[in-house]
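Architecture and fold: a report
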Amino acid sequence: MISFLLCWAGVAQAKDYNVLEFGASNDGRKLTTQAIQKAIDRCHQDGGGTVFVPKGKYLVGTINLKSNVDFHFDTGATLIATTDLGQYQKNNDYLAGVFYTENSDNVSITGNGVIFGQGMEFMEKNVAKRIVGDVNKYIRQKFDFRKVVDGGLGDGPVNPKDRFHQMVIFSNCTNVRLEDFKCVDAPYWTILIVHCDGVKVNKVIIDNNLLIPNSDGCDIVSSSNVTVSDCKFTCGDDAIVLAGYAHHYGDPGFKDILKPSKNINVSNCILQSRSSA
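The structure displayed is predicted, hence computed values, not measured ones.

This part is about the overall build of the protein. Tallying secondary structure elements over the protein gives two helices and 25 strands in all. Residues counted as buried form 51% of the 277 residues belonging to the protein. A separation threshold of at least 6 residues defines the contact pool for the protein, and within that pool the share at least 24 residues apart is 71%. Split by element, the accessible area of the protein, about 13,200 Å² in all, is 49% carbon and sulfur.

Listed below in structure tokens is the structure:
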């Protein structure tokens with residue numbers, strides 16, 4: 001009986017924090033990052049609960065989730081990534097995308113909503129991507145590697161302009177749950193799970209434009225005890241990556257923590273890619 005009462009008390013204390021009550025706009029035109037962040041911060045300060053995102057369109061830059069927060073989409077709710085790069089947080093050398101969450105426990109994104117990255121808005125549509133920079137010095141073909149000739153594809157049929165990098169990042173977190181939502185048209189990697197332990201990715205859909213270079217699905221790096229199940233990933237690059245490196249060319253989220261990825265389970269997923277499923 002005592003155990004039941006303690007359990008019930010814990011559930012009763014969990015609260016819902018409706019982002020509209022914190023001033024968020026759901027018209028898809030007014031930038032509303034700060035109002036959503038206020039709801040998350042209050043939820044965290046109060047000990048945790050659910051940040052509820054009602055139906056509508058929300059124009060955002062980078063949002064930071066925190067421990068004991070479930071970010072829950074109502075059916076019909078969409079976060080739209082702004083094309084104003086000044087609204088994204090820089091981490092390491094590059095900009096993080098819509099979600100950047102670090103050093104947190106018991107954190108989740110759930111519900112039948114959408115994260116829309118507006119990926120093609122960050123592309124030159126009539127220019128093929130080329131491999132440039134110092135990397136060419138270390139390969140056999142030198143500057144002929146994937147050379148674009150007479151309109152060839154090179155490293156991709158469109159060329160990235162300045163863009164944010166990974167759209168959803170969890171870095172050095174524990175007990176992470178991603179469930180039921182959809183990511184559309186990320187301009188770079190879609191989901192990065194790095195230096196994390198205990199992650200469940202379930203019934204997540206990624207629907208990226210197959211033309212966009214580097215638009216990975218889910219990259220799992222230096223992380224342990226990760227389950228990816230019942231997902232559908234459509235990507236211009238790697239659908240799922242399992243790796244164990246400490247950094248990646250200045251990308252956000254990497255903390256120079258070198259450890260192997262282990263106990264990674266992928267099941268019942270449909271993967272499509274124009275590069276490396």
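Helix length check: helix H2 (residues 33-45) (13 residues) gives 18 Å between terminal C-alpha atoms against 18 Å at 1.5 Å per residue, within 8%. Within the sequence span of H2, burial applies to Thr 33, Ala 35, Ile 36, Gln 37, Ala 39, Ile 40 and Cys 43. Against the buried residues of H2 lie strand E1 (15-18), strand E2 (27-31), strand E3 (49-53), strand E4 (56-60), strand E5 (69-73) and strand E6 (77-81). A positive phi of about 105° marks Gly 47, the residue just after H2.

The biggest cluster of nonpolar side chains holds 58 residues, and the ones touching the most others in it are Ile 36, Phe 71, Leu 79, Phe 99, Ile 109, Phe 170 and Phe 233. Residue contacts for Ile 109: discarding those within four places in its chain leaves Leu 65, Asp 70, Phe 71, Phe 73, Phe 99, Val 168, Phe 170, Arg 177, Leu 178, Glu 179 and Phe 181. Tyr 100, Val 221, Val 241 and Phe 254 belong to the second-largest nonpolar core, a separate cluster that totals 11 residues.

A few words now on the sheet that holds strand E20 (residues 218-221). Taken in spatial order, the five strands of this open sheet run E9-E14-E17-E20-E23, and their pairing is parallel. Looking at strand neighbours, the two that pair on one side only are strand E9 (99-102) and strand E23 (240-243), the edges of this open sheet. On average, each strand axis in the sheet is inclined to that of its neighbour by 5°, with strand direction left out of account.

So, on to the pattern of salt bridges. All chains considered together, the criterion is met by four salt bridges. Two residues, Glu 102 and Lys 255, come together in a salt bridge whose shortest N-O distance is 2.7 Å. Placement of Glu 102 in strand E9 and of Lys 255 in the loop between E23 and strand E24 (262-267) is noted, with a sequence separation of 153 residues between them.

What the eight strands build is an open sheet, ordered E2-E4-E6-E11-E16-E19-E22-E25; its pairing is parallel. One side of each edge strand has no neighbouring strand; the edge strands of this open sheet are E2 and strand E25 (270-273). Direction aside, neighbouring strands of the sheet carry axes that sit 15° apart on average. Both strand E22 (residues 232-235) and E25 contribute to a ladder of four bridges, which runs parallel. Bridging from a neighbouring strand, Lys 232 pairs with Ile 270 of E25. Sitting on the sheet, H2 is in contact with E2, E4 and E6, with an inclination near 100° to E4.

Of all five residues that make up E5, four are buried, and the element is covered over most of its length. Note: E3 against E5, five bridges, orientation parallel. Within the sheet, the bridge partner assigned to Gly 49 lies in E5 and is Val 69. Relative to strand E10 (residues 105-111), E5 is paired through four bridges, and the arrangement is parallel. In the strand pairing of E10, His 72 is matched with Thr 110.

A few words on the packing of aromatic side chains. Aromatic ring pairs are described here by two measures, namely the spacing of the ring centres and the angle between the planes. With the rule as written, the count across this model stands at eight aromatic pairs. On the numbers, 5.5 Å between centres and 80° between planes, the contact of Phe 71 with Phe 73 is edge-to-face. We note that Phe 71, like Phe 73, is buried. Grouped by ring-pair contacts, the aromatic residues Phe 71, Phe 73, Phe 99 and Phe 181 constitute a single cluster.

Right, let's get into unusual backbone geometry. In this structure, Ser 222 is a non-glycine residue whose phi angle is positive, near 50°. Looking at the secondary structure, you find Ser 222 in the loop between E20 and strand E21 (224-229). Using a relative accessible area of 0% as the deciding quantity, one classes Ser 222 as buried. The phi dihedral of Asp 256 falls on the positive side, at around 55°, and the residue is not glycine. Look at Asp 256 and you get exposed, because its relative accessible area is 58%.

Analysis parameters
Residues numbered from 1 in each chain as written. Predicted model: local features only at pLDDT ≥ 70, side-chain atom pairs only at ≥ 80, totals over all residues. Heavy atoms only, no water. Helix = DSSP H or I, 4+ residues; strand = E, 2+ residues; numbered from the N terminus. Buried < 20%, exposed > 50% of the residue type's maximum accessible area, 1.4 Å probe, protein only. Contact = heavy atoms within 4.5 Å. Areas by Shrake-Rupley, 256 points an atom, 1.4 Å probe, with all protein chains shown as cover. Expected span 1.5 Å × (residues − 1). Core = buried A, V, L, I, M, F, W, Y, C linked by side-chain atoms within 4.5 Å. Pairing = 2+ DSSP bridges. Axes fitted to C-alpha atoms, helices over the stretch in contact; angles between N-to-C directions. Salt bridge = Lys/Arg side-chain N within 4 Å of Asp/Glu carboxyl O. Phe/Tyr/Trp six-rings, centres within 6.5 Å; stacked < 30°, edge-to-face > 60°.

The quantities given are spatial measurements derived from coordinates; they are silent on function.
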